[in-house]
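Descriptive analysis of the structure
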Amino acid sequence: MVSFQKIAVLLVSLGCIAATKHLSSDDCNVKRFQSFINTNGTDATVQSATYVPANGYLNPMNYSSSTEFPTNLPESCAVQISVASEGNSSYLVGIILPYEWNGRLLSAAAGGGINWVDMVRGPQTLSVRLLTEVPHQGTGTHYGFATLSSNLGHVGIDTAGTWAINRPESVIDWGYRAWHGTTVLGKLLINEWYGTPSKYNYFYGCSTGGRQGMKNLQTYPDDYDGIIAGAPAWWTTHQQLWNLKQTVYQAPADSAHTIPEKMFDLIAAEAIKQCDGQDGLVDSIISDPQGCNFDPNTLACNATSITGECLTSPQLSTLFKLYNDWVDVNQTYVYGHMWLGSEASWLLGNIGLGRNTTIEQQYWYPRDILGLGEDFTWEDLSYKTVELADRLNPGNATADKFDISDFYNRGGKFLHYHGMSDAYVSPDASIYYYNQASSAMKPQGVDMDDFYRLFLVPGMEHCLSTPDEVNAPWYFAGPDQAATINTGTYSTPGYRDAHHDIVLAMMAWVENGTAPNDIIATKWKNDTSASEVLRQRPICHYPYQAKHNGKDEPNDAASWSCETLF
């Protein structure tokens, strides 16, 4: 286990470790925390308070395998609270309070429940994570943060949309309200427990967790000093319908236009063949998918083609739709396309382009959230569905406020990143938001680089990981990422500094004013041990792109530099 003294050395340049009042294991009890809540007039009930000894573990979900819950934790007190909301709605809050505290709060976005894993740490695979959306609250505790999370009012993944039927207040809690309430309660408990407020407050999350951070930034700009949002599914009203739309392109199954699953690898290989090398190096990593002049007709069947190893004309038409934006009535842009290099992910999670997932997984939003009911089928999806979603905006969940001057004016910092090989949330959505925010902020004399930086990660899939045939550097200690290593990992093993760890990069920016121009991503030879580096390279902030110098070792980050795309 990494000692707190070593963590202190890690953080000393970013701010002093906060002194805390004397606390014992006996202080971690339900009665004590309930008194904190009652004194402040909050309508909430403490359900549990668990003392975690040094080198201990936390298993609030009662997992049967030790590979599914965090271990080797610092001495902490873990508390779970039920908070009454509006109407018949309520939500759970989880907070972990380390006995040796760095004086800061780190909130871990909600997933399939309270994000105990990112609070303290726990492993999962990409395909499992896409299905469960469970993030990690435990990772933050290893740094010395007091860590916070919530279930936002429902247990299980968002796409099990039955939790929302006839529960409008629960949808509002999910959309934005519960996270702010969780933040206020978390800060209260920190102040009462340690006898002093947190000096700095941070949030991080990916996917729907990235949306949560962006929505909070827009609605409650004073809640956090720094927010990290990965692959944010911010455009809720369009995002969920796009996931259905791209599945519809393949429907009904086994039609003449349906691209067989076995062709996905062939398409992926052709994309790499045509698009690799634009960064000055042929290495299987597509660094500029948008700049690739891809010709899909090289995959077309002809008189000498082998059946099953080429695409027919109707199948090429489907591929064209997948690779192009959803543009509808009056040339209205609805959502961005899947990028070249995302093909290896088309079978994962609830993306639904293959037989391992069904179109039923995409019905939760129109049927249960929009209230269209079980009679709604894929044939009913049209631009009218999009218009309905925009008009209702259930739960006010969409994080589409582009003028974020309130967050800028209070000194907030925003780090936003997206994997270029993400097939679930299109990287186009992140670029679209950045450009819209830039259009709203620049007339006010704001330089986006002063507070908002976007990083596009070549070869990274949704939030984490990279296809085996690509092996792109993708790890920089973002939310969800430490869970792929082992049950005790935090930060970037072997490189615990602000240049390799996005959490430390955010702290350096907020607390020292050192903005990250690039973040070095790592790919290990074995991602489950993280002991031997395969590749490292800088991930440049938009609109810059990493370019190889053409002479030095390409797996060494020092042989790359950030150059402008324009």
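Data block above holds the structure.
A brief structural summary. Just so it is clear, the model here is predicted, and its values are computed rather than measured.

1. Regarding the overall build of the chain
Check the secondary structure of the chain and you find 15 helices and 15 strands. Split into buried and exposed, the 566 residues of the chain put 60% on the buried side. Across the chain, the fraction of contacts at a sequence separation of at least 24, relative to all contacts at a separation of at least 6, is 67%. Surface summary for the chain: the accessible area is close to 21000 Å², and the carbon and sulfur share equals 49%.

2. Topic: the pairing of strand β3 (residues 90-98)
Of all the nine residues making up β3, eight are buried; the element is thus mostly covered by neighbouring parts of the structure. Where strand β2 (residues 76-84) and β3 come together, nine bridges link them in antiparallel fashion. Within the sheet, the bridge partner assigned to Ala78 lies in β3 and is Ile96. The hairpin formed by β2 and β3 contains five residues between the paired strands, and Gly87 there has a positive phi angle of roughly 60°. As paired elements, β3 and strand β5 (residues 146-150) share four bridges and run antiparallel to each other. Residue pairing in the sheet places Gly94 in a bridge with Ser149 of β5.

3. Focus on helix α2 (residues 30-39)
All of the buried residues in α2 are Phe33, Gln34, Phe36 and Ile37. Around the axis of α2, the buried residues are gathered within 150° of arc, so they sit on the same side. Away from the buried face of α2 by more than 90 degrees, exposed residues Lys31 and Thr39 are located. The secondary structure elements touched by the buried residues of α2 are β1 (44-52), β2, β3 and α6 (168-194). Capping the start of α2, Asn29 holds a side-chain oxygen 3.2 Å from the backbone nitrogen of Lys31, two or three residues further along. At the C-terminal side of α2, Gly41 shows a positive phi close to 70°.

About the cut-offs
- Residues numbered from 1 in each chain as written.
- Predicted model: local features only at pLDDT ≥ 70, side-chain atom pairs only at ≥ 80, totals over all residues.
- Heavy atoms only, no water.
- Helix = DSSP H or I, 4+ residues; strand = E, 2+ residues; numbered from the N terminus.
- Buried < 20%, exposed > 50% of the residue type's maximum accessible area, 1.4 Å probe, protein only.
- Contact = heavy atoms within 4.5 Å.
- Areas by Shrake-Rupley, 256 points an atom, 1.4 Å probe, with all protein chains shown as cover.
- Pairing = 2+ DSSP bridges.
- Arc of directions from axis to C-beta.
- Polar contact = N/O pair within 3.5 Å; in protein donor to acceptor, adjacent residues only side chain to side chain.

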